[in-house]
Amino acid sequence: MKTCYKCEGKLKEVKVTKEGIRVSCFKCTNCRKEYFTSRELIKFDVLTERR
Ligand SMILES: [Zn+2]
């Protein structure tokens, strides 16, 4: 996945902190929409469940 579904802009990999957990996601450089990979979402789910 390298282009945005919405505007077909370029996606850039960025690190974001979501509820205190650092996950990597892809952010559109054009419309700034964030895309989380399923792997990162699983990681997020696991880490939040353990708290
Ligand atoms: Zn976009």
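Residues numbered from 1 in each chain as written. Predicted model: local features only at pLDDT ≥ 70, side-chain atom pairs only at ≥ 80, totals over all residues. Heavy atoms only, no water.

Draft legend 1. Up close: the overall build of the chain. For the chain, the count of helices and strands is 1 helix and 3 strands. Listed by position from the N terminus, the elements making up the chain come as β-β-β-α. When its C-alpha atoms are laid out on the principal axes, the chain stretches across 35 × 15 × 15 Å. Within the chain, buried positions represent 24% of all 51 residues. Across the chain, every contact between residues at least 6 apart in sequence was considered, and the portion connecting residues at least 24 apart equals 23%. Within the structure as shown, the chain displays about 4200 Å² of accessible surface, and the carbon and sulfur contribution to it stands at 47%. (Helix = DSSP H or I, 4+ residues; strand = E, 2+ residues; numbered from the N terminus. Buried < 20%, exposed > 50% of the residue type's maximum accessible area, 1.4 Å probe, protein only. Contact = heavy atoms within 4.5 Å. Areas by Shrake-Rupley, 256 points an atom, 1.4 Å probe, with all protein chains shown as cover.)

Draft legend 2. A look at the nonpolar core. If you look at the biggest cluster of nonpolar residues, it comprises 5 residues: Val16, Ile21, Val23, Cys25 and Phe44. At 3 residues, strand β2 (residues 21-28) tops the list of elements feeding residues into this core. (Core = buried A, V, L, I, M, F, W, Y, C linked by side-chain atoms within 4.5 Å.)

Draft legend 3. Seen up close, the side chain of Glu40. Position of Glu40 among the secondary structure elements: in helix α1 (residues 38-49). On the basis of relative accessible area, Glu40 is assigned to the buried category, the value being 11%. The residues touching Glu40, leaving out its near neighbours within four places in the chain, are Val23 and Ser24.

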